[in-house]
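# Commentary on secondary and tertiary structure
So the chains spell out like this:
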Amino acid sequence: MTTVAAYAAPTPKAPLERTTIERRAVGEHDVLIDIKFAGICHSDIHQAHDGWRPGIFPMVPGHEIAGVVSEVGPGVTTFAVGDRVGVGCMVDSCGECANCKDGMEQYCTDGGPVWTYNATGKDGLPTHGGYSEKIVVRQDFVVRIPDALPLDVAAPLLCAGITTYSPLKHWNAGPGKKVAVVGLGGLGHMGVKIAHALGAEVTVLSQSLRKKDDGLRLGADHYYATADEETFGKLAGTFDIILNTVSAGLDFSAYVSLLRRDGAMVNVGLPEESVHLDLKALNGRRRVMTSSNIGGIAETQEMLDFCAEHGLGAEIEVIPADRINEAFERVEAGDVRFRVVIDTATI
Ligand code: NAP
Ligand code: ZN
């Protein structure tokens, strides 16, 4: 066991505080990672606020982890001390079910994967995330960060990158396809970059035109404000794919009406409340309403390699750890362009 410094929410909705946690001893197939940067995802806030389900407290959030390997177990074959690596939302899974065997560990049917935090590990102890100095992870759940990607801009790819890459690939975003990205936040800005790099024609649907210059610079071809009612009339029946990254509920029936025949609205945003959809909005053009949860480990590596090849990192603001609570408030207020990343050396 190693004692490491971390930031934890002691109880739901309480401010995060500096504390210490225990990391397990490095096992045969484990990698010890010195965490260098950890992104702040809106999911961290939903969970620290107990917005989705009752959580496990004290909670150390953080599932956008970038760091350097500092020790490996005797059975580790794929990583060595000094390697630049990342860890995302999962740290283990059964490895036996059909979904795990298909490389989609995020859909593990044996009780789900072991989430990086706010979960119980295979040792029966609570897992703790990336707002900490070090983490011990089974090698199969560690990915390699290509040299072309600095660790700070790579950290958010471990969630925001894979969560947008996976459905964009699954629904065939590419040349000739019109993709709308709803919400230009942490996920949304990566969705724009990745959809553009895949060759799709990209439209941002943001609440206002406040971030229009940034959106176009990131690779969007068009940018509309959803507060403008004309937007929905103008764009009706247009898109092959709508990637919804909004952390709150929306008028889903209105957004679905923007899809063309057989178009798909993929919801990766996970609002805390359940949502309403008028099925007649789907029915008229055989539209698809669906969702997607992060991506598998092999696909996460593929995404990192794709991002390195295309020069895609996240647009970040690096903060010291004592500003995490302020950053949570700023994310909730929509006052971040586009991801806050914690410099974990400051913990
Ligand atoms: P974020 O940085 O806060 O971005 C969310 C964006 O949604 C905001 O920038 C804003 O964009 C828009 N928005 C916020 N409130 C809104 C409202 N009331 N009405 C309309 N638009 C609103 O959050 P994030 O880190 O990207 O995460 C987004 C969501 O995805 C969260 O719910 C998170 O839990 C979820 N998530 C899901 C997965 C998955 O695997 N499915 C993975 C990671 C995160 P504009 O200002 O441009 O309108
Ligand atoms: Zn996330």
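Residues numbered from 1 in each chain as written. Chains lettered and ligands numbered in written order. Predicted model: local features only at pLDDT ≥ 70, side-chain atom pairs only at ≥ 80, totals over all residues. Heavy atoms only, no water.

Glancing now at the packing of aromatic side chains. Considering all chains together, one arrives at three aromatic pairs under this definition. Aromatic side chains Tyr-131 and Phe-328 sit 6.4 Å apart centroid to centroid with 65° between the ring planes, which places their arrangement in the edge-to-face category. Remark: Phe-328 occurs in helix H11 (residues 324-332) and Tyr-131 occurs in the loop between strand S7 (114-115) and strand S8 (134-138); sequence separation between them is 197 residues. Judged by relative accessible area, Phe-328 falls into the buried class, the value being 5%. Ring centres of Phe-232 and Tyr-255 lie 5.1 Å apart, and the angle between their planes is 90°; on these two criteria the pair is classed as edge-to-face. Residue Phe-232 is found in helix H7 (residues 230-234), and its partner Tyr-255 is found in helix H8 (residues 252-256); the two are separated by 23 residues along the sequence. For Tyr-255, a relative accessible area of 6% puts it in the buried group. (Phe/Tyr/Trp six-rings, centres within 6.5 Å; stacked < 30°, edge-to-face > 60°. Helix = DSSP H or I, 4+ residues; strand = E, 2+ residues; numbered from the N terminus. Buried < 20%, exposed > 50% of the residue type's maximum accessible area, 1.4 Å probe, protein only.)

Locating Glu-302 in the fold gives a position in helix H10 (residues 297-310). Using a relative accessible area of 36% as the deciding quantity, one classes Glu-302 as partly exposed. Separated by 159 residues in the primary sequence, Glu-302 and Val-143 have C-alpha atoms spaced 9.6 Å apart. Other than its neighbours up to four places away in sequence, Glu-302 contacts Tyr-165 and Lys-169. (Contact = heavy atoms within 4.5 Å.)

This part takes up the layout of surface pockets. The volume enclosed by the second largest pocket comes to roughly 470 Å³. In this structure, the second largest pocket is lined by 19 residues; those nearest its centre are Arg-24, Asp-123, Leu-125, Pro-126 and Thr-127. Taken together, the residues of the lining of the second largest pocket sort by class into eight nonpolar, four polar and seven charged. (1 Å grid on protein atoms, 1.4 Å probe; cavity = no way out; pocket = protein on both sides within 12 Å on 5 of 7 lines; lining within 4 Å. Points joined across faces, edges and corners; volume = space filled by probe spheres on them. Nonpolar A, V, L, I, M, F, W, Y, C, P; charged D, E, K, R; others polar.)

What follows concerns the site of ligand 1. The local shell around ligand 1 holds 28 residues, among which His-42, Leu-184, Ser-206, Lys-211 and Arg-339 are the closest. Side-chain polar atom of Arg-339 to an oxygen atom of ligand 1: 2.7 Å apart, as the coordinates give it. Burial of ligand 1 by the protein amounts to 88% of the accessible area it has alone, namely 920 Å². Those elements that place two or more of their residues in the shell around ligand 1 are helix H1 (42-48) and helix H5 (186-197). Ranked by residue count, the leading element in the shell around ligand 1 is H1, at three residues. The residue makeup of the shell around ligand 1, split by class, is twelve nonpolar, 14 polar and two charged. Counting residues domain by domain, the shell around ligand 1 receives three or more from each of domain 1 (2-159 + 314-346) and domain 2 (161-291). (Near = heavy atom within 4 Å. Polar contact = N/O pair within 3.5 Å; in protein donor to acceptor, adjacent residues only side chain to side chain. Areas by Shrake-Rupley, 256 points an atom, 1.4 Å probe, with all protein chains shown as cover. Domains from an automatic or database assignment.)

Our next topic: the sheet that holds strand S13 (residues 239-244). One open sheet accounts for six strands, arranged S12-S11-S10-S13-S14-S15; its pairing is parallel. The open sheet terminates on both sides in strands that have one partner only, identified here as strand S12 (222-225) and strand S15 (288-291). For this sheet, the mean angle separating the axes of adjacent strands, direction not counted, is 20°. In this sheet, S13 lies alongside strand S10 (residues 178-182) in parallel orientation, the contact comprising four bridges. By the bridge assignment, Val-182 is partnered in S13 with Asn-244. (Pairing = 2+ DSSP bridges. Axes fitted to C-alpha atoms, helices over the stretch in contact; angles between N-to-C directions.)

What follows covers the domain arrangement of the protein. For the protein, the domain assignment lists domain 1 (2-159 + 314-346) and domain 2 (161-291). Centre-to-centre, using C-alpha coordinates, domain 1 lies 27 Å away from domain 2. If you look at the interface, domain 1 gives 14 residues, while domain 2 gives 19 residues. Here domain 1 and domain 2 share an interface that buries about 1,500 Å² over both sides, 49% of which is from carbon and sulfur atoms. When residues of domain 1 are sorted by the area they lose upon contact with domain 2, Glu-315, Arg-337 and Phe-338 head the list and together hold 38% of the total. Counting every contact that joins domain 1 to domain 2 gives three salt bridges. (Buried area = accessible area lost by both parts, 1.4 Å probe. Salt bridge = Lys/Arg side-chain N within 4 Å of Asp/Glu carboxyl O.)

Looking now at empty space enclosed by the protein. For the structure shown, the criterion picks out one cavity of 30 Å³ or more. Its boundaries defined by the atoms lining it, the largest cavity holds a volume of some 70 Å³. Its residues assigned to classes, the lining of the largest cavity comprises eight nonpolar, three polar and no charged.

This part takes up a negative patch on the surface. Together, Glu-272, Glu-273, Glu-329 and Glu-332 line one region of the surface with negative charge. Looking at the element boundaries, Glu-332 is found in helix H11. Among the residues examined, Glu-332 registers a relative accessible area of 45% and is labelled partly exposed. (Patch = residues over 30% accessible without salt bridge, like charges linked within 9 Å, V, L, I, M, F, W, Y side chains within 5 Å. Lys, Arg positive; Asp, Glu negative; His and termini not counted. Charge placed at Lys NZ, Arg CZ, Asp CG, Glu CD.)

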